[in-house]
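This is what each chain is made of:
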Amino acid sequence: INLLWGDIAAIGEEPTAGPMTVDAIAVGHYSGGKPYGAIAALDQAISRALLATEAPTTATPTLAPNDLLLTQFAERGIIRGELAQPFLLNDPRPVGSQLDRLIAVAGMGLPGRFGAPELTVLVRELCWTLGRMGKEHLATLLIGTGLNNMPVADAVAAWLRGIKNALTGIDEASYYKLEEITFVEKNPDKVIQID
């Protein structure tokens, strides 16, 4: 488990955040909501990359609201945000010469009803799913602590319980499990709290 002071949206430009290359990025999303905060920044980054592949130029493309992929998926109900239901898509930003990084938008359920028990279930399902897909290094936010939802200490404990629950029952020699998780936090004060 690593802790990185940085921006989750920039992980796509800097693929390493520890000894292993990041091959999965996760953010949380409430049911019925529009992307905001870190997920909105990630939406900008991946949507800009998609637009650049469709119309390659040397200039940074300007994004219209209809260009924002995750926002459009949320508004159309494709990203549902139901508790512990991950929405998975390939990251359009290249990792070396391959497109092999996955973005997971983890469902947080209805706003106002997300606490430590719900976070534990979300983490269990997220880590199990990514592990079964052969992903080894997850970069994520400390889901559950945005907009003063829950105290950092409660979220860290719920994350650890969820990780443990995802690994329980998996054969120790199994290839299908996450090996590394990097928590990415932009706020330096919060980094200290998480640590």
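Look up: the structure comes first, before these words.
Read on for an overview of the structure. All values derive from a computational prediction rather than experimental measurement.

**Considering the packing of aromatic side chains**
Under the criterion given, the structure shown has three aromatic pairs. Measuring from ring centre to ring centre gives 5.0 Å for tryptophan 159 and phenylalanine 183, while their planes differ by 90°; the resulting arrangement is edge-to-face. Remark: phenylalanine 183 occurs in strand S6 (residues 180-185) and tryptophan 159 occurs in helix H4 (residues 152-167); sequence separation between them is 24 residues.

**Concerning the pairing of strand S2 (residues 24-29)**
In terms of burial, S2 is a largely internal element, six of the six residues being buried. Here S2 shows a buried face lined by Ala24, Ala26 and Gly28 and a second buried face lined by Ile25, Val27 and His29. Two strands pair when backbone bridges link them, and S2 and strand S4 (residues 102-107) are joined in this way by six bridges, in the parallel orientation. Bridge assignment links histidine 29 to a residue of S4, and that residue is glycine 107.

**Re the environment of alanine 166**
Secondary-structure assignment places alanine 166 in helix H4. The spatial distance from the C-alpha of alanine 166 to the C-alpha of glycine 131 is 8.9 Å, given a sequence separation of 35 residues. The residues touching alanine 166, leaving out its near neighbours within four places in the chain, are Arg124, Cys127 and Trp128.

**Examining the nonpolar core**
Ranked by size, the top nonpolar core spans 29 residues in total, and within it Phe114, Leu119, Leu122, Leu130, Leu138, Ile143 and Trp159 carry the most contacts. Those elements giving two or more residues to this core turn out to be S2, S4, helix H3 (116-132), H4 and S6. Among the elements that line this core, the one with the most residues is H3, at seven residues. Residues Ile46, Leu69, Phe87 and Val184 belong to the second largest nonpolar core, which totals 19 residues.

About the thresholds
- Residues numbered from 1 in each chain as written.
- Predicted model: local features only at pLDDT ≥ 70, side-chain atom pairs only at ≥ 80, totals over all residues.
- Heavy atoms only, no water.
- Phe/Tyr/Trp six-rings, centres within 6.5 Å; stacked < 30°, edge-to-face > 60°.
- Helix = DSSP H or I, 4+ residues; strand = E, 2+ residues; numbered from the N terminus.
- Buried < 20%, exposed > 50% of the residue type's maximum accessible area, 1.4 Å probe, protein only.
- Pairing = 2+ DSSP bridges.
- Contact = heavy atoms within 4.5 Å.
- Core = buried A, V, L, I, M, F, W, Y, C linked by side-chain atoms within 4.5 Å.

Such coordinate-based values are descriptive only and should not be taken to indicate function.
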